[in-house]
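Letter by letter, the chains look like this.
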Amino acid sequence: SSATPPLPPGVSVSPTQHFTFNHPKMSLPLSGKLFAKSLPTALRCLYHPFVYGLASGKLPKATFQNYVGQDFFFLHSFSDAYLKAGAILTQKGDSEGAAKFSTLAAGVADELNLHKTYAEKWGVDLSEVKAQDATQKYVDFLLKTASTDGVKVSTICAAMAPCMRLYAFLGTTLHRGLRG
């Protein structure tokens, strides 16, 4: 099922508890408001058995192998979207902005190389990977968005932001938990 699992017993969600501003004239920026609204889903992802298994090192081998393949497939679309955004900025004469997107694409290339190492270590033939339905739908959406004539860089970024924000939340939260 693609439904998000319920939170574990004893875990509750208050979207405002993580986003408190104490200054009377400051308001939460739009990005904070949107993330606060999605916090219940983000917390369900954090407590999902897959994420727990990945963080604890107890993920079954076949599940990790599948993850490596799906993420490899997914990352290619991210790289393509970054490159498209950079090309748009180059056409507009914004070499500084284009360079930043080039740096982001290079970061994805580094992550793809890491996935190749994992794939080799864990016996995943990346040339045989077929996207699962959810991966394919997101990749199709992202690539269609990035390839639309006249698309704005902000639109490409908006299509990428939810995934990047969720990954950042999960990674940061898990890292804090591992440090105690």
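See above for the structure.
Residues numbered from 1 in each chain as written. Predicted model: local features only at pLDDT ≥ 70, side-chain atom pairs only at ≥ 80, totals over all residues. Heavy atoms only, no water.

Asks: When you look at the side chain of Thr135 in this model, what are you seeing that I'm missing?
Replies: Here Thr135 lies in helix H5 (residues 133–147). What makes Thr135 buried here is its relative accessible area of 15%. With near-sequence residues (within four places) excluded, Thr135 lies in contact with Gln70, Phe73 and Phe74. (Helix = DSSP H or I, 4+ residues; strand = E, 2+ residues; numbered from the N terminus. Buried < 20%, exposed > 50% of the residue type's maximum accessible area, 1.4 Å probe, protein only. Contact = heavy atoms within 4.5 Å.)

Asks: Help me understand H5 in this model?
Replies: Each α-helix turn comprises 3.6 residues. Residues three or four places apart therefore point the same way. With 15 residues, H5 extends 21 Å from end C-alpha to end C-alpha; this agrees with the ideal 21 Å at 1.5 Å per step. For H5, the complete set of buried residues consists of Thr135, Val139, Leu142, Thr145 and Ala146. Taken down its axis, H5 places every buried residue within 135° of arc, on the same side. Facing away from the buried surface of H5 by more than 90 degrees, the exposed residues are Asp133, Lys137, Lys144 and Ser147. (Expected span 1.5 Å × (residues − 1). Arc of directions from axis to C-beta.)

Asks: For this particular structure, what's the right way to read the packing of helix H3 (residues 61–91) against H5?
Replies: When two helices pack together, their arrangement is given by the angle between the helix axes and by the axis-to-axis distance. Running from N to C, H3 and H5 cross one another at 10°; their axes reach a closest spacing of 9 Å. Comparing the axis directions of H3 and H5 gives the class roughly parallel. Residue-level inspection shows Gln70, Phe73, Phe74, Ser77, Phe78, Asp80, Ala81 and Lys84 of H3 in contact with H5, the latter providing Thr135, Gln136, Tyr138, Val139, Leu142, Leu143, Ala146 and Ser147. (Axes fitted to C-alpha atoms, helices over the stretch in contact; angles between N-to-C directions. Parallel < 35°, antiparallel > 145°, perpendicular 65-115°, else oblique.)

Asks: Would you take a moment to explain the packing of H3 against helix H4 (residues 95–122) for this structure?
Replies: Between H3 and H4, whose axes approach to 8 Å, the crossing angle comes to 160°. Put simply, H3 runs roughly antiparallel to H4. Classified by chirality, the crossing of H4 by H3 is left-handed. Among the residues making up the contact of H3 with H4, the classes are represented as 18 nonpolar, 7 polar and 4 charged. (Left-handed = near helix turned anticlockwise from the far one by under 90°. Nonpolar A, V, L, I, M, F, W, Y, C, P; charged D, E, K, R; others polar.)

Asks: Just checking my understanding: could you explain the nonpolar core for this structure?
Replies: One recurring pattern in soluble globular proteins is that nonpolar side chains are buried together. Counting residues in hydrophobic clusters, the biggest one holds 29 residues, and the most contacted among them are Phe78, Tyr82, Ile156 and Met160. Put simply, the parts of the chain that give this core at least two residues each are H3, H4, H5 and helix H6 (153–179). With 11 residues, H3 is the single largest residue contributor to this core. Apart from residues no more than four positions distant in its own chain, Met160 is found in contact with Phe78, Ala81, Tyr82, Tyr138 and Leu142. Within the second largest apolar cluster, 8 residues are counted, among which are Phe35, Ala42, Val51 and Leu170. (Core = buried A, V, L, I, M, F, W, Y, C linked by side-chain atoms within 4.5 Å.)

Asks: Just checking my understanding: could you explain the layout of surface pockets for this structure?
Replies: The gaps left among the atoms become clear once a water-sized probe is rolled over them. If you add up the space inside the second largest pocket, you get close to 300 Å³. Looking at the second largest pocket, the residues that line it are Ser31, Leu34, Phe35, Ser38, Thr41, Ala42, Cys45, Ala161, Pro162, Arg165 and Leu166. Broken down by secondary-structure element, the contributors of at least two residues to the lining of the second largest pocket are helix H1 (30–46) and H6. Examining the composition of the lining of the second largest pocket, we find that 7 residues originate from one element, H1, more than from any other. Of the residues that constitute the lining of the second largest pocket, the class distribution is 7 nonpolar, 3 polar and 1 charged. (1 Å grid on protein atoms, 1.4 Å probe; cavity = no way out; pocket = protein on both sides within 12 Å on 5 of 7 lines; lining within 4 Å. Points joined across faces, edges and corners; volume = space filled by probe spheres on them.)

Asks: I'm lost on the packing of aromatic side chains in this one. Help?
Replies: Aromatic ring pairs: the centre-centre distance and the angle between the two ring planes describe each pair. Enumeration over the complete set of coordinates arrives at 11 aromatic pairs. Where Phe50 meets Tyr67, the ring centres are 5.5 Å apart and the plane angle is 50°; that geometry is what we call tilted. Taken together, the residues span a long stretch of sequence, with Phe50 in helix H2 (residues 49–56) and Tyr67 in helix H3 at a distance of 17 residues. Pairing Phe74 with Phe78 gives two aromatic rings, centres 4.9 Å apart and planes at 45°, and the pair type is tilted. Of the two residues, Phe74 and Phe78 both sit in helix H3, 4 residues apart, roughly one turn of that helix. Accessibility assignment for this pair places Phe74 and Phe78 in one class, buried. (Phe/Tyr/Trp six-rings, centres within 6.5 Å; stacked < 30°, edge-to-face > 60°.)

Worth remembering: the numbers are spatial, not functional.
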